[in-house]
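Here is how the chains run, residue by residue.
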Amino acid sequence: MAQTAPLIPRLVASSIAIANRAGEIIRNVMSKGDLGIVEKTGKNDLQTEADRSAQRCIITSLSKQFPSITIIGEEDEPSDSPVPSDWVVSEVDQDILRLECPDNLQQVSAEEVVVWVDPLDGTSEYTQGLLDHVTVLIGIAVGNRSVAGVIHQPYYNYQKENEPLGRTIWGIRGVGVGGFEPKAAPEGQRIITTTRSHSTPEVQATLDAMKPDNILRVGGAGHKVMLLIEGKAHAYVFASAGCKRWDTCAPEAILVALGGKLTDMHGKEYSYDKNTPFPNKGGVLATGKGENHEWYLEKVPEAIRKKLV
Ligand SMILES: Nc1ncnc2c1ncn2[C@@H]1O[C@H](COP(=O)(O)O)[C@@H](O)[C@H]1OP(=O)(O)O
Ligand SMILES: [Mg+2]
Ligand SMILES: [Mg+2]
Ligand SMILES: [Mg+2]
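Residues numbered from 1 in each chain as written. Chains lettered and ligands numbered in written order. Predicted model: local features only at pLDDT ≥ 70, side-chain atom pairs only at ≥ 80, totals over all residues. Heavy atoms only, no water.

- Identification of the protein chain as 3'(2'),5'-bisphosphate nucleotidase 1 from Gryllus longicercus is taken from an unreviewed UniProt entry.
- Per UniProt, the protein chain carries the Sequence similarities (unreviewed entry) text "Belongs to the inositol monophosphatase superfamily."
- The UniProt entry for the protein chain carries this comment under Cofactor (unreviewed entry): "Mg(2+)". (UniProt positions renumbered as here; feature names shortened; annotations may be inferred.)

In structure tokens form, the structure reads like this:
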């Protein structure tokens, strides 16, 4: 069975198992207490031992199982030390291999695939102990389109006793989603989710122009798209540069598999081609199924939109 399934479901099946392992690594770093925080070159841009170790687990495992695909990870990896053998995952999620795959995904070759890896999304929140904002993101693109994604939440349920810790959700365009219960956001309200650690006057002015009933300021692109697909927010609005392709590839695929949309502030979809420059310079606007994406675009103040190129 595993050998006969097409490449995209096999990649998703492996990514689920790999993301689970990366989540354990993230929890282990936190429980040991030494986060090994490094400031990267950008403003308000941190990296921890958990980001580095989780990425080594994900990239080593994926490239071992799929040697011909292109993998692009957020973190630079200067480490020469060998990857511990128990970080190299060979398991796969068997249920995914049994899914029906649409025609357009049947014949994808490894050379067409680009996997965008954010080993730990919400690093700023992780260092501040806001653990439920943290996700592991593995996004799968074919050509320039994001077609499948896995979001793992290592700390899901962490404040509840007797509930399983962590969960992994997946989505494949044209196939469906799993690992959670999709829900529509409440009618008759406008709830917008946005950054809590990378706000700017432009981000705030754009939110003001949309006159939301409520604003949910939380960390991570993965976490914010989870709020959309679980019906907690109607739109994710970030009128600023700062996010990168690895932040949006996996969440976009899951959102789109459910009928939602993710674009820049001009309404343009991001390209996930391997040669694309990775900054999402046009900002992020994501809306759930049935939301009027155009309405949000029209509300973006023109002077702010013009700067986001
Ligand atoms: N100015 C920035 N510099 C670095 N990363 C950013 C910036 N803005 C956003 N990001 C990335 O996008 C994610 C979503 O942004 P926010 O939480 O501010 O809404 C962040 O968790 C971070 O990913 P990461 O934590 O993987 O570095
Ligand atoms: Mg980062
Ligand atoms: Mg990120
Ligand atoms: Mg990250």
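## Here we look at the coordination of the magnesium ion (ligand 3)
Then, in step 1: On the protein side, the magnesium ion (ligand 3) has Asp-118 (OD), Asp-121 (OD) and Asp-247 (OD) as donor atoms, found 1.9 to 2.2 Å from it.
Then, in step 2: Between consecutive donor residues of the magnesium ion (ligand 3), the sequence gaps follow D-x2-D-x125-D.
Then, in step 3: The two metals, the magnesium ion (ligand 3) and the magnesium ion (ligand 2), are separated by 5.2 Å. (Donors = N, O, S within 2.8 Å, 3.2 Å for Na, K, Ca; no water.)

## Some points on the UniProt feature "binding site: Mg(2+)" (unreviewed entry) in the protein chain
Then, in step 1: In the numbering used here, UniProt assigns the feature "binding site: Mg(2+)" (unreviewed entry) to Glu-74, Asp-118, Leu-120, Asp-121 and Asp-247. Across 174 residues, the annotated set stays spatially compact, with a maximum C-alpha separation of 9.7 Å.
Then, in step 2: Within the secondary structure, Glu-74 is located in the loop between strand S3 (70-73) and helix H3 (94-97).
Then, in step 3: Residue contacts for Glu-74: discarding those within four places in its chain leaves Lys-40, Gln-55, Val-117, Asp-118, Pro-119, Leu-120 and Trp-246.
Then, in step 4: Mapped onto the secondary structure, Leu-120 falls in strand S4 (residues 113-121).
Then, in step 5: Looking at Leu-120, the relative accessible area reads 1%, which means it is buried.
Then, in step 6: Beyond its immediate sequence surroundings of up to four residues, Leu-120 is in contact with Ile-26, Thr-48, Ala-50, Asp-51, Glu-74, Tyr-126, Val-134 and Thr-135. (Helix = DSSP H or I, 4+ residues; strand = E, 2+ residues; numbered from the N terminus. Contact = heavy atoms within 4.5 Å. Buried < 20%, exposed > 50% of the residue type's maximum accessible area, 1.4 Å probe, protein only.)

## Points about helix H2 (residues 49-65)
Then, in step 1: Between the first and last C-alpha of H2 there are 24 Å, a value that for 17 residues agrees with the 24 Å anticipated at 1.5 Å per step.
Then, in step 2: With twelve of 17 residues buried, H2 is to be regarded as a mostly interior element.
Then, in step 3: Taken together, the buried positions of H2 are Ala-50, Asp-51, Arg-52, Ser-53, Ala-54, Gln-55, Arg-56, Cys-57, Ile-58, Ile-59, Ser-61 and Leu-62.
Then, in step 4: Between a side-chain oxygen at the N-terminus of H2 and the backbone nitrogen of Ala-50 the separation is 3.1 Å; the capping residue is Thr-48. (Expected span 1.5 Å × (residues − 1). Polar contact = N/O pair within 3.5 Å; in protein donor to acceptor, adjacent residues only side chain to side chain.)

## Describing the domain arrangement of the protein chain
Then, in step 1: Each domain of the protein chain was delimited in the assignment, giving domain 1 (7-178) and domain 2 (191-307).
Then, in step 2: Domain 1 and domain 2 are separated by 21 Å when their C-alpha centres are compared.
Then, in step 3: Listed per partner, the contact involves 42 residues of domain 1 and 32 residues of domain 2.
Then, in step 4: A buried area of about 2,800 Å², summed over both sides, lies between domain 1 and domain 2, and 61% of it is on carbon and sulfur atoms.
Then, in step 5: Sorting the residues of domain 1 by area buried against domain 2 places Trp-116, His-133 and Arg-173 first, and these three jointly supply 21% of that buried surface.
Then, in step 6: Along the contact surface separating domain 1 from domain 2 lie 15 residue pairs in polar contact (both at pLDDT 80 or more).
Then, in step 7: Of all elements in the fold, only S3, S4, helix H5 (123-127), strand S5 (135-142), strand S6 (145-153), strand S7 (167-172) and strand S8 (176-178) reach the threshold of two or more residues within the side of domain 1 that touches domain 2.
Then, in step 8: For the side of domain 1 that touches domain 2, the element with the highest residue contribution is S6, accounting for eight residues. (Domains from an automatic or database assignment. Buried area = accessible area lost by both parts, 1.4 Å probe.)

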